[in-house]
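Listed here are the chains, written in short residue letters.
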Amino acid sequence: MVQLVGSLRKELADSLSTCKVLVVGAGGIGCELLKNLVLTGFKNIEVIDLDTIDVSNLNRQFLFQKKHVGKSKAQVAKESALQFCPSASITAYHDSITNPDYNVEFFRKFMLVMNALDNRAARNHVNRMCLAADIPLIESGSAGYLGQVTVIKKGLTECYECQPKPAQKTFPGCTIRNTPSEPIHCIVWAKYLFNQLFGEEDADQEVSPDTADPEAAWNPEDTAARAAVSEKDGDIKRVSTKVWARSTGYDPIKLFNKLFKDDIMYLLTMDKLWKKRKAPTPLDWQQLEVLVNSEAPASGLKDQKVLDVWGYCQMFQDSVETLSSQLQEKGDDAELVWDKDDPPAMDFVTAAANLRMHVFSMNMKSRFDVKSMAGNIIPAIATTNAVIAGLIVLEGLKILSGEMETCRTVFLNKCPNLRKKLLVPCVLDPPSANCYVCVSKPEVTVKLNVQKTTVLSLQDRILKERFGMVAPDVQIEDGKGTILISSEEGETEANNNKFLSDFGIRNGSRLQSDDFLQDYTLLVNVLHTEELERDVEFEVIGEAPDKAPPPQSNQEEVNSITNGNKDSAQPSTSSKAEDDDLMIVDSDEEEVAASNSAAVATGTKRKYSETGESSAKRPRTDQSDAADDEDDIVALD
Amino acid sequence: MAATKDSKEQKYDRQLRLWGDHGQEALENAHVCLINATATGTEILKNLVLPGIGAFTIVDGHIVSGEDAGNNFFLSSDSIGKNRAQAATELLQELNSDVSGNFVEESPDKLLDNDPEFFHRFTIVIGVQLPESTCLRLGMVLWSASVPFLICKAYGLIGYMRLMVQEHTVIESHPDNALEDLRLDRPFDEFKSHIKSYNLSIMDKKDHSHTPWVIIVAKYLERWLSEHDGQPPKNYKEKEAFRQIIREGILKNENGGLEDEENFEEAIKNVNTALNPTKVPTSVEDLFNSEQCNNITAQSSSFWVMLRAVKEFVYNEGSGSLPVRGSIPDMIADSQKFINLQNVYREKAMQDAAAVSKHVESLLQSVGKPPESISEKDIKLFCKNSSFLRVVRCRSLAEEYSVDSINKDEISGLDCCCFRFFSYLI
């Protein structure tokens, strides 16, 4: 007779009370998970999250209350959980999991690591740490009604990075600066504008007309004539947008007229751009002011209303005034950080994006919709997170019972599928032989132009952003062991702005890139090319190029699931401006097109568990079978 | 008031993006009854309190035991010995101050003995770990009062739930792959004259490439119909020929190549769905034929009154079609052209809703109810969703348990028909 403690076998119950587990993330899934862990009998729990509590968390992160807004998620989650279950021992870290303090030794302390994250960068990192420490990892994600849980064990299963994820979509600079054709282009522009005016200036986030647009291809002799059209613009060019804005005292009307009148008139002079496109129409503050009709504001949720042009003009004025006074209060050289949940920052982006949409003859969007796209917001509810957290514990119990072979990846559907299942378990795949992370000697081939790629962009764009390293050291395999990049501060900064060719790197060169913290070495083979598409810095060989956007139909549905994504270049358990829960679907960078690439997530294949599921191919019937369609979107990544 | 609305919008932002403000409104108007604050029960209630139901009432005659405190997150060791309904209400209430929490320290059986009508007030009743006899008694009370009843049981790592409701009507069913309602196959007069206002052959390049695809398809369809005895393209071959005709309408550049006209590409892409014949979906047709629709009484709910009014509309003003939905998809067009087109559909939708409203009025009058008992806003929403209306019906528990043909052993096992609704065993 098996001895039971509650619902568990005695040996299992005993091991729960002694083993140490790590929960990465104390957001939507993290809160539910902590509750489940203490109730199941886990006694030694460590939880880490760098985020603080926001009002928009309270609809589901039940360990937090209004009075906790602004406090550390990890700390408050620990305190709340202990109130309910004082016998547990919980350690909280208000920190980023990528901090070098959490090294392989730290990970080895645990029997089990459970991810409750919201961004790809942190997931990649924890994946590598668990591979390096050889600790089983349970990975999870949720988006709206959908969710997924999977188990990762070195050598036995696919790792988080075995399946290539859809590339993070960015927009060509000239689309953003000169020829926006979709609302998302205007929203990205407005977010850049926020940083140019109030935040950290970034040369990659220019907002003024791009005179180097190859499509405009004008003659140099015309340049003078164009400069004459808008001599103000000529002036502005020489100083940064921020300096200029400051010199006007952040006068909203002057800013408005530069952005929506002068810059647009300047764009109009690049007439080649408007041969096939509808030309933009400049706006003039003074003219708009005359036309104002004072209508009573409509009822209903104000966020979901689309205002008229003057409404956005006023929103622009108000938000510029608020933000500039915030900036002033912070003193010289202060910078604001854009946050979708900060009302004036969100108002500013809503107003600027809509005014630009209007200038380019697009239908304007409500603040609610702009927020979705600008913040890449994933809808989230307690119910889904509760189900997912429950599944995490069930997988955890199997691992602790030594029944790794019974572990599954489980998908939560929106509606029961054709087999009437809401939860669909699938067999775990073995590691991919082509993975650039979990094979014994990882290697990749990258196509780039060695004369145009700087050492800094190799480090930031390729090794950190694309290959998920935190602090890479790079050595050229040239027989001399030349150090190209050192993770020690100050050692190789002088190399940053030099090109790869300056170091003798050419077609066929091999770069050994090492991340000490992740205990991860990646050999990068360089394939030199001069034929990359516009605005593409590099390509990884052997991966599918960007997929075409999904069909228009059902786009709204797709958007609502994919928009949100907390990914930012900064790995974190929950990056600052972003939300809590996870990303299941695809994650794209903040600027990602709402509509793009999500529905074609690559990691969608799934195999049915032998138990009760026979066919690997699921019949697709009529279009009313919505649940099935959505399955395909759910791909943990 | 505005301030509370704003803060609610902030707090509920992530879920409003899932179920919208109507969904939220429905949630906030709900009063949920939980019978038995077990671990399963409080977990369910937690997931309802967080997103902001209007109110909950816990009915529980039990005293908190040590076991309860051990497996229920919303009961602590301090609550041992207290009434379970009260103890759980206190902790669940802390989760959301917008929710009103109530408790009744009595067993459901006692309430059923003394005041069965107590349960009529709820939007839904959730019964957890109830014995079969209580389920049957309560099931009967709730069935006749048309209150949905959700039965849940959990044993260790397995569990089950079963929903019972005589009839649940859904206006906004949020279909995933709804076809647009464009009426290209049966254009209404206002749309016809709007199409006439366009002349693709004399437009300049900019206007030509910013004409909405709906207009383009409508224009070429007119031509096709006149050349094909009024028969639209039906099969693949004809549709392909129709696409080719549209393709030929794309402007040529000076070298004879095709201009880049995305609106025409959009038109070609949409041919298939745009030519779908406008008709009343069979699911709605079935509802039209149901007893509740044809027999409107003073007791009929507003759903059935409005459905009947829509039916009247279809057979009269609508000439066989449901009211125009009034929304159009996003498409490539300049703002003015898009707005003009949108207005044509919107105004027609308003006209249709007004006609339906007249029918509602006379139906209400015929059963002696005031016309304002159903609001214009509700009628508009109903018309907008008229192709997606749904009615969910279940079998009553009593009926299910009395069926002799079912093997009793099977019922007592976990494999009974409850599982037709949901079952999640992993």
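What you see is a predicted model; the values in this text were computed from it and never measured.

A. Structural context of the overall build of chain A. Check the secondary structure of chain A and you find 19 helices and 16 strands. Per-residue burial for chain A yields a buried fraction of 57% across its 637 residues. Long-range pairs, those at least 24 residues apart, make up 71% of the contacts in chain A with a sequence separation of at least 6. Roughly 26,100 Å² of accessible area belongs to chain A as shown, and the carbon and sulfur atoms make up 50% of that amount.

B. A look at the sheet that holds strand β6 (residues 112–115) of chain A. Residues and elements named next belong to chain A. Strand order in the open sheet formed by eight strands is β5-β4-β3-β6-β7-β8-β9-β10, with mixed pairing between adjacent strands. A single partner strand is all that each edge strand has here, and the edge strands are β5 (89–93) and β10 (423–427). For this sheet the average axis-to-axis angle between neighbouring strands, irrespective of direction, equals 15 degrees. Strands in contact with helix α3 (residues 73–84) are β4 (44–48) and β5; relative to β5, the strand with the most contacts, it is inclined by about 165 degrees.

C. Main features of the environment of Ser283 of chain B. Residues and elements named next belong to chain B. In this fold, Ser283 is placed in helix α13 (residues 282–288). Its relative accessible area of 40% is what places Ser283 among the partly exposed residues. Remark: the alpha-carbon pair of Ser283 and Phe388, spanning 105 residues in sequence, is separated by 8.3 Å.

D. The arrangement of the interface of chain A and chain B in detail. On the chain B side, the residues contacting the 61 residues of chain A number 51 residues. Where chain A meets chain B, there are five salt bridges. Counting only elements with at least two residues in the side of chain A that touches chain B, the list comes to α2 (28–40), α3, α15 (367–375), α16 (382–400), β10 and α19 (626–631) of chain A. Ranked by residues supplied to the side of chain A that touches chain B, first place goes to α16 of chain A with five residues.

E. Quick look at the packing of aromatic side chains. Overall, the coordinates contain 30 aromatic pairs over all chains when judged by the stated rule. Seen from their ring centres, Phe198 of chain A and Phe348 of chain A are 5.4 Å apart, and the 85 degrees between their planes marks the pair as edge-to-face. Of the two residues, Phe198 of chain A sits in the loop between α7 (183–197) and α8 (220–229) while Phe348 of chain A sits in helix α14 (residues 343–359), which places them 150 residues apart along the sequence. This pair shows no difference in class: Phe198 of chain A is buried, exactly as Phe348 of chain A is. Between Phe188 of chain B and Tyr345 of chain B the ring centres are 5.7 Å apart and the planes differ by 80 degrees, which places this aromatic pair in the edge-to-face class. Note that Phe188 of chain B is positioned in the loop between β7 (168–170) and α8 (189–196) and Tyr345 of chain B in helix α16 (residues 335–366), a separation of 157 residues in sequence. Of the two residues, Phe188 of chain B and Tyr345 of chain B, both sit in the buried class. An aromatic cluster of at least three residues, connected via ring pairs, comprises Trp189, Phe194, Phe198, Tyr250, Phe256, Phe260, Trp285, Trp310, Phe316 and Phe348 of chain A. The side chain of Lys46 of chain B reaches across the aromatic face of Phe62 of chain A, ending 4.9 Å from its centre.

F. Molecular detail of the sheet that holds strand β11 (residues 443–448) of chain A. All names here are of chain A. Taken in spatial order, the six strands line up as β13-β12-β14-β15-β11-β16 in an open sheet, and their pairing is mixed. Of all the strands in the sheet, just β13 (483–485) and β16 (538–540) have a single pairing partner and so form its edges. Within this sheet the neighbouring strands show an average axis-to-axis angle of 30 degrees, counted without direction. The pairing of strand β12 (residues 472–476) with strand β14 (residues 510–515) spans five bridges and is antiparallel. Counted as the bridge partner of Val474 is Ser513 from β14. On the sheet, helix α17 (residues 455–466) packs against β11, β12, β13, β14, β15 (520–528) and β16 and is oriented at approximately 65 degrees with respect to β13.

G. Main features of a negative patch on the surface. Residues and elements named next belong to chain A. On the surface, Glu200, Glu201, Asp202, Asp332, Asp333 and Glu335 cluster together into a negatively charged patch. Positionally, Asp333 belongs in the loop between α13 (309–330) and α14. On the accessibility criterion, Asp333 (65% relative accessible area) is exposed.

H. Main features of the nonpolar core. Counting 81 residues, the largest nonpolar core has Leu37, Phe42, Ile45 and Met114 of chain A together with Ile58 of chain B as the members making the most contacts within it. Looking at this core, the element that brings in the most residues is α16 of chain A, giving nine residues. Those residues in contact with Leu37 of chain A that lie beyond four places of it in its chain are Val21, Val23, Phe42, Ile45, Met114 and Val393 of chain A. Phe194, Ala334, Val349 and Ala351 of chain A belong to the second-largest nonpolar core, a separate cluster that totals 57 residues.

I. Focus on helix α11 (residues 236–248) of chain B. Residues and elements named next belong to chain B. If you check α11, its first and last C-alpha atoms are 18 Å apart, about what 13 residues at 1.5 Å a residue would give, namely 18 Å. By the burial criterion, the buried members of α11 are Lys239, Phe242, Arg243, Ile245 and Ile246. The arc enclosing the buried residues of α11, seen along the axis, measures out at 155 degrees, which places them on a common side. In α11, the exposed positions that point more than 90 degrees away from the buried face belong to Lys237 and Glu248. For α11, the elements touching its buried residues are α10 (213–227) and α12 (262–274).

J. Main features of the domain arrangement of chain B. Residues and elements named next belong to chain B. Looking at chain B, the domain boundaries give domain 1 (1–166), domain 2 (189–275) and domain 3 (282–392). Computed over C-alpha atoms only, the centres of domain 2 and domain 3 are separated by 31 Å. Contacts between domain 2 and domain 3 engage 15 residues on the former and 12 residues on the latter. On the surface where domain 2 and domain 3 come into contact, there are one salt bridge. Measuring nitrogen to oxygen at the nearest pair gives 2.7 Å for the salt bridge that ties Lys337 to Asp207. Put simply, domain 2 and domain 3 have three residue pairs in polar contact (both at pLDDT 80 or more) between them. Contributing elements (two or more residues each) for the side of domain 2 that touches domain 3: α8, α10 and α12. Partitioned by chemical class, the residues of the side of domain 2 that touches domain 3 number six nonpolar, five polar and four charged.

K. Up close: the pattern of salt bridges. All chains considered together, the criterion is met by 44 salt bridges over all chains. For Lys11 of chain B, the salt bridge is made with Asp98 of chain B, and the minimal N-O distance between the two is 2.9 Å. Placement of Lys11 of chain B in helix α1 (residues 2–11) and of Asp98 of chain B in the loop between α5 (84–93) and β3 (100–104) is noted, with a sequence separation of 87 residues between them. What makes Asp98 of chain B partly exposed here is its relative accessible area of 36%. Where salt bridges share partners, they join Asp341 and Lys371 of chain A together with Asp13, Arg14 and Arg17 of chain B into one cluster.

L. Focus on the side chain of Asn257 of chain A. Residues and elements named next belong to chain A. Note that Asn257 resides in helix α11 (residues 252–269). Within the local environment of Asn257, its side chain forms a polar contact with the backbone nitrogen of Trp285, the two atoms lying 3.1 Å apart. Each residue touching Asn257, except ones within four places of it in the same chain, is listed here: Asp262, Leu283, Asp284, Trp285 and Gln286.

M. How the structure looks around the UniProt feature "domain: THIF-type NAD/FAD binding fold" (unreviewed entry) in chain B. Per the UniProt record, "domain: THIF-type NAD/FAD binding fold" (unreviewed entry) is annotated on residues 12–126 of chain B. Across residues 12–126 of chain B one finds 43% helix and 16% strand; the C-alpha atoms that close the span lie 24 Å apart.

N. α11 of chain A, seen in detail. Residues and elements named next belong to chain A. For α11, built from 18 residues, the straight-helix expectation of 26 Å at 1.5 Å per residue is met to within 8% by its first-to-last C-alpha distance of 25 Å. The sharpest bend along α11 comes to roughly 35 degrees, located at Lys258. Two to three positions downstream of the cap, the backbone nitrogen of Ile253 sits 2.9 Å from a side-chain oxygen, assigning the N-cap of α11 to Asp251.

Reading the values: the criteria
- Residues numbered from 1 in each chain as written.
- Chains lettered and ligands numbered in written order.
- Predicted model: local features only at pLDDT ≥ 70, side-chain atom pairs only at ≥ 80, totals over all residues.
- Heavy atoms only, no water.
- Helix = DSSP H or I, 4+ residues; strand = E, 2+ residues; numbered from the N terminus.
- Buried < 20%, exposed > 50% of the residue type's maximum accessible area, 1.4 Å probe, protein only.
- Contact = heavy atoms within 4.5 Å.
- Areas by Shrake-Rupley, 256 points an atom, 1.4 Å probe, with all protein chains shown as cover.
- Pairing = 2+ DSSP bridges.
- Axes fitted to C-alpha atoms, helices over the stretch in contact; angles between N-to-C directions.
- Salt bridge = Lys/Arg side-chain N within 4 Å of Asp/Glu carboxyl O.
- Phe/Tyr/Trp six-rings, centres within 6.5 Å; stacked < 30°, edge-to-face > 60°.
- Lys NZ or Arg CZ within 6 Å of the ring centre and 35° of its normal.
- Patch = residues over 30% accessible without salt bridge, like charges linked within 9 Å, V, L, I, M, F, W, Y side chains within 5 Å.
- Lys, Arg positive; Asp, Glu negative; His and termini not counted.
- Charge placed at Lys NZ, Arg CZ, Asp CG, Glu CD.
- Core = buried A, V, L, I, M, F, W, Y, C linked by side-chain atoms within 4.5 Å.
- Expected span 1.5 Å × (residues − 1).
- Arc of directions from axis to C-beta.
- Domains from an automatic or database assignment.
- Polar contact = N/O pair within 3.5 Å; in protein donor to acceptor, adjacent residues only side chain to side chain.
- Nonpolar A, V, L, I, M, F, W, Y, C, P; charged D, E, K, R; others polar.
- UniProt positions renumbered as here; feature names shortened; annotations may be inferred.
- Bend = angle between axes of the 7 residues up to and from the residue.

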